[in-house]
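# Coordinates in review
So you can see what is in the structure, the chains are spelled out below.
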Amino acid sequence: MTNATLIKLSESMGLDSHHPKTEITPQAPESVAEKPARATTASMQSLLAHYFESNAIDPKVFEAPHFEAERVHTLSSTQSETRAASPADILGTQATDAAFVPATPAAAPSSPSSLVAQPDWPAPARALIDSLMRENESLREQLQQQALHLQSAQGMADSDVLTPTLNRRAFLREVHRAMADCRRYGEEACLLYLDMDDFKSINDAYGHSAGDAALVYVAETLNASVREGDSVGRIGGDEFAILLRHADLKSSRIKAMRLEAELMMGTYEYAGLFLKAGGSFGVRAYAAQASAEAWLSEADAAMFLVKKASR
């Protein structure tokens, strides 16, 4: 408290006789203002203590309430200066207290560990909770296994039974998706259609196992030559197709010629023999075909023209 505050408080209590008033004569303004007194005198403190004791008043009434740091809203520097008021401000109004509304901490969410049976619970309740937890964990494991089985089954349903490519149904699904992207985003795409040359002669000369090895060799060659996002499928028998996304007709034709040359120069091993397996390619760009089947049929027709011209 400042001296002025304590003097006013003592006057209101009828104790001003001990402290005669002094007249304050105005003085000329100084360059530097005097700082107000910061501490009370010992006599004033003893006088107030005597008054509190004689009237059975608790001195703590005149003290500012204490607030815990973590339960009080943070005040800005301007608010802090405003709230540093005299005891009269604290006793005379409830507005100050309203500014210091304690912040009630939000209840912490229950963690999974809090749902586990506690030692102080009755035995039947603990047994029931433990049983439910074990059953829940068992069901979770079953769901994970079912998801793995479903993913494996879907992969088997989309894969060709012999070669590491998509089957016809899965490949046409990818073609349908590519057509939707072409229509929506104006993308380019092309289909390459491959029909193996002299495949029947391989089966007749070396058996069907040699023919199967030839199909696997061709499929692996095609897979190794495409980009991520492209698709390779076995359409049926000795026929394959490649879906090239984001590819125009010119670049797709160059791709087809390179693959044809690679198959012609390459060989595959079967029963100690090195055999050859070539083929002819047809190329057809997306041109707003009616369906995936129609686009694939156009690529097949283009392949037939190439094979007929090479004979």
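Up top is the structure these notes are about.
Residues numbered from 1 in each chain as written. Predicted model: local features only at pLDDT ≥ 70, side-chain atom pairs only at ≥ 80, totals over all residues. Heavy atoms only, no water.

### Considerations on the packing of helix α7 (residues 168-185) against helix α11 (residues 292-310)
As a packed pair, α7 and α11 sit with axes 9 Å apart at the nearest point and diverge in direction by 105°. Here α7 lies roughly perpendicular to α11, going by the angle between them. Of α11, the residues touching α7 (which contributes Arg168, Phe171, Leu172, Val175, His176 and Met179) are Ala292, Glu293, Trp295 and Leu296. Classifying every residue of the contact of α7 with α11 by side-chain character gives seven nonpolar, one polar and two charged. (Axes fitted to C-alpha atoms, helices over the stretch in contact; angles between N-to-C directions. Helix = DSSP H or I, 4+ residues; strand = E, 2+ residues; numbered from the N terminus. Parallel < 35°, antiparallel > 145°, perpendicular 65-115°, else oblique. Contact = heavy atoms within 4.5 Å. Nonpolar A, V, L, I, M, F, W, Y, C, P; charged D, E, K, R; others polar.)

### Quick look at the environment of phenylalanine 240
Residue placement: phenylalanine 240 occurs in strand β3 (residues 239-245). Classification of phenylalanine 240 as buried rests on a relative accessible area of 0%. Considered as a pair, phenylalanine 240 and methionine 196 are 44 residues apart in the sequence and their alpha carbons are 8.5 Å apart. When near neighbours in sequence (up to four residues on either side) are disregarded, phenylalanine 240 contacts Thr163, Leu192, Tyr193, Leu194, Met196, Leu215, Val218, Ala219, Leu222, Gly233, Arg234 and Ile235. (Buried < 20%, exposed > 50% of the residue type's maximum accessible area, 1.4 Å probe, protein only.)

### Things to note about the pattern of salt bridges
Scanning the model with the defined rule gives 13 salt bridges in all. Among the salt bridges present, the one from arginine 169 reaches aspartate 158, with a minimum N-O distance of 2.8 Å. With arginine 169 in helix α7 and aspartate 158 in helix α6 (residues 123-158), this residue pair connects regions lying eleven residues apart in the sequence. For arginine 169, a relative accessible area of 47% corresponds to the partly exposed category. Exposure remark for aspartate 158: the relative accessible area of 9% places this residue in the buried category. A salt bridge links arginine 245 to aspartate 181; the nearest nitrogen and oxygen atoms lie 3.0 Å apart. Of the two residues, arginine 245 is situated in strand β3 and aspartate 181 in helix α7; the sequence distance between them amounts to 64 residues. (Salt bridge = Lys/Arg side-chain N within 4 Å of Asp/Glu carboxyl O.)

### With respect to the pairing of strand β6 (residues 279-285)
For β6, a buried count of six out of seven residues is recorded, marking the element as mostly surrounded by other parts of the structure. Judged from the seven bridges that link them, strand β1 (residues 189-196) and β6 form a sheet pairing that is antiparallel. Its bridge partner lying in β6, tyrosine 193 is registered against glycine 282. (Pairing = 2+ DSSP bridges.)

### Quick look at the nonpolar core
Core analysis: the biggest nonpolar cluster contains 25 residues, and Leu192, Met196, Val218, Leu222, Phe240 and Phe281 have the highest contact counts within it. Considering every element that reaches this core, the biggest residue donor is helix α9 (residues 208-225), with seven residues. Among the nonpolar cores identified, the runner-up in size contains 18 residues, and Met179, Tyr193, Tyr286 and Ala299 belong to it. (Core = buried A, V, L, I, M, F, W, Y, C linked by side-chain atoms within 4.5 Å.)

### Quick look at the sheet that holds β1
Ordered in space as β2-β3-β1-β6, the four strands form an open sheet in which the pairing is antiparallel. Strand pairing shows two members of the sheet lacking a second neighbour, β2 (231-236) and β6, which therefore form its edges. Across the sheet, the mean angle separating the axes of adjacent strands is 20° when strand polarity is ignored. In this fold helix α10 (residues 249-265) packs onto β1, β3 and β6, with an angle of close to 170° to the strand it touches most, β6.

### What to know about the packing of α9 against α10
Contact geometry of α9 with α10 gives a least axis separation of 11 Å together with a crossing angle of 140°. In terms of their interaxial angle, α9 and α10 are classed as oblique. For the pair α9 and α10, the crossing hand works out as right-handed. Contacts between α9 and α10 involve Tyr217, Val218, Thr221, Leu222 and Ser225 on the former and, on the latter, Lys255, Leu259, Glu262 and Leu263. Residue composition of the contact of α9 with α10, by class: five nonpolar, two polar and two charged. (Left-handed = near helix turned anticlockwise from the far one by under 90°.)

These figures come from the coordinates and say nothing about function on their own.
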